[in-house]
Amino acid sequence: MKGLYGGVKRNCKQLIFILVFILSMTSLCFGFSDLSDTNPAFNDVKLLTDAGFLKGYPDGTFRPYGTITRAEFVRMTNQVFGYKDRVASNLFSDVNTKEWYYQDVMIALQEGYIIGYPDGTFRPNGNITREEVCAINDRILQLSNQVPTTSMETITISDRVSSWAKDSVLRVIAKGLMPLGEKGNFRSFEKATRVEVSSILANVLRQKTEIEERENQKKSTWQDLGIDPEVGAAIDNTLLIMRNEIITANILTNNQKAMVRNMVDALDAYLITGDEVTLNQSGKNIKRSYESMSSVDQASIEKEIRRCIPVTDLYLIKDYFF
């Protein structure tokens, strides 16, 4: 068995046993019947699917060139950026409080990245266009503060773009989030496909992760703490999913949510301090919290862990620590 024998291995085991003990008979893998690994967007779709931001259809397809509605795009965007607070009031005449997307639209409204149409509608079931995708990401990322005008001036778009979206499209292209076509066309008015939306959000997620890593560069790495780099990467990916509340979005009880947050906080704190005593105590507390849950609550949290976290990462962690 790979790994260390001693404090780090024993203490981390306390924290992650909940993630892996349920996997002995699990055999899950990423894959859609209509999306091969030769598709240029395959890795983008995989990144978002593994992170729990994206799903396929019940028949096992992804329908890569299908369109995506404005409501669907808002939900994905909220998840990628970690937006979750809602205090805004409904300003849209066509957004019903009983619809599945209501909370997400209100969150987007609160965050200020959607405005709606002059007639007071949001058109949740309308298909989002390529230039609308650019405008939203430009607004969220505040690209006007990142992309100099000189970079925009070097880009020539051969087809028409709406005047209100022109600068956003140029900034998104300059930032490398969406490409121009071979002849300089951008197809601004076309409906964005599922792979196109996946690619821009995956690029955003990668850049967001890089920024967070730079901000946290004073942290230790798992390798510094004596953990195999491949296993450390699996732990980091698991923490990213848990931190973005992909799991807790479908866990209803406060106890379950608190346990997931405590696991993330404990491992983050250990990376900063290297304090094994505190890590060990946190692991014991989390273990007790899990064991005090009802069998129904235990089963539901196990189901969400298996659903949201890539099984390859969980097996890596399991093989290393157990």
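That block above? That's the structure.
Sequence order sets the numbering: in each chain, residues are counted from 1 along the sequence as written. Reporting of local features is limited, given that this is a predicted model, to residues whose pLDDT is at least 70; pairs of side-chain atoms are given and counted only at 80 or more, and all residues count toward the totals for whole chains, interfaces and linings. By convention in this description, side-chain values take in all heavy atoms of the structure and omit both hydrogens and water.

**Thoughts on the nonpolar core**
Considering soluble globular proteins, one finds that nonpolar side chains tend to be buried as a cluster.
Line of reasoning, step 1. The biggest cluster of nonpolar side chains holds 82 residues, and the ones touching the most others in it are Leu 48, Ile 114 and Trp 222.
Line of reasoning, step 2. Working rule for contacts: check all heavy atoms of both residues, and any pair within 4.5 Å makes them a contact. Once residues within four sequence positions are removed from consideration, Ile 114 is found in contact with Val 74, Phe 92, Val 105, Ala 108, Leu 109, Phe 122, Ile 136 and Arg 139. In this description, a nonpolar core means a group of buried Ala, Val, Leu, Ile, Met, Phe, Trp, Tyr and Cys residues linked to one another through side-chain atoms lying within 4.5 Å. Accessibility here uses a 1.4 Å probe with only protein chains present; expressed as a share of the type maximum, an area under 20% marks a residue as buried, one over 50% as exposed, and anything in between as partly exposed.

**Details of the packing of aromatic side chains**
Line of reasoning, step 1. To pair, rings of Phe, Tyr and Trp, with the six-membered ring standing in for Trp, must have centres within 6.5 Å; the planes then decide the type, stacked if under 30 degrees apart, edge-to-face if over 60, and tilted in the middle. The tally for this structure, following the rule as stated, stands at five aromatic pairs.
Line of reasoning, step 2. Ring geometry for Phe 92 and Phe 122: centres 5.4 Å apart, planes at 35°, overall tilted. Of this pair, Phe 92 sits in the loop between α3 (70-81) and α4 (102-111) while Phe 122 is found in the loop between α4 and α5 (130-141), placing the two residues 30 residues apart along the sequence.
Line of reasoning, step 3. In this structure Phe 92 comes out as buried when scored by relative accessible area, which is 7%.
Line of reasoning, step 4. On the basis of relative accessibility, which here comes to 1%, the residue Phe 122 falls in the buried class.
Line of reasoning, step 5. In this scheme, the term charge over a ring applies when either NZ of a lysine or CZ of an arginine sits within 6 Å of the ring centre and within 35 degrees of the ring normal. Sitting above the plane of the Phe 186 ring, Arg 130 keeps its charged end 4.4 Å from the centroid.
Line of reasoning, step 6. Above the ring of Phe 62, the side-chain terminus of Arg 194 is found at 4.3 Å from the ring centroid. Strands here are runs of E lasting at least two residues and helices are runs of H or I lasting at least four, both read from the DSSP assignment and numbered beginning at the N terminus.

**Observations regarding the pattern of salt bridges**
Line of reasoning, step 1. For salt bridges, the criterion is a side-chain nitrogen of Lys or Arg within 4 Å of an Asp or Glu carboxyl oxygen. In this structure the tally under the stated criterion is ten salt bridges.
Line of reasoning, step 2. The partner of Asp 104 in a salt bridge is Arg 75, with the nearest N and O atoms 2.8 Å apart. Here Asp 104, found in helix α4, pairs with Arg 75, found in helix α3; they are 29 residues apart in sequence, far enough to count as distant.
Line of reasoning, step 3. Among the residues examined, Asp 104 registers a relative accessible area of 10% and is labelled buried.
Line of reasoning, step 4. Taking relative accessible area as the criterion, Arg 75 reaches 33% and is therefore assigned partly exposed.
Line of reasoning, step 5. The closest approach of N and O atoms between Arg 130 and Glu 196, which form a salt bridge, is 2.9 Å. With Arg 130 in helix α5 and Glu 196 in helix α8 (residues 194-215), the pair connects residues that are 66 residues apart, well separated along the chain. As far as burial versus exposure is concerned, Arg 130 and Glu 196 are alike and both buried.
Line of reasoning, step 6. Because the salt bridges share partners, they merge into one network encompassing Arg 130, Arg 187, Glu 190 and Glu 196.

**Digging into α3**
Line of reasoning, step 1. Multiplying 1.5 Å by the helix residue count minus one yields the expected span of that helix. Over its twelve residues, α3 runs 16 Å from end to end, which matches the ideal 16 Å to within 8%, given 1.5 Å per residue.
Line of reasoning, step 2. Burial of α3 is extensive: nine of the twelve residues sit out of reach of the surface.
Line of reasoning, step 3. Listing the buried residues of α3 in full gives Arg 70, Ala 71, Phe 73, Val 74, Met 76, Thr 77, Asn 78, Val 80 and Phe 81.
Line of reasoning, step 4. Following α3 by one or two positions, Gly 82 adopts a phi angle in the positive range, close to 75°.

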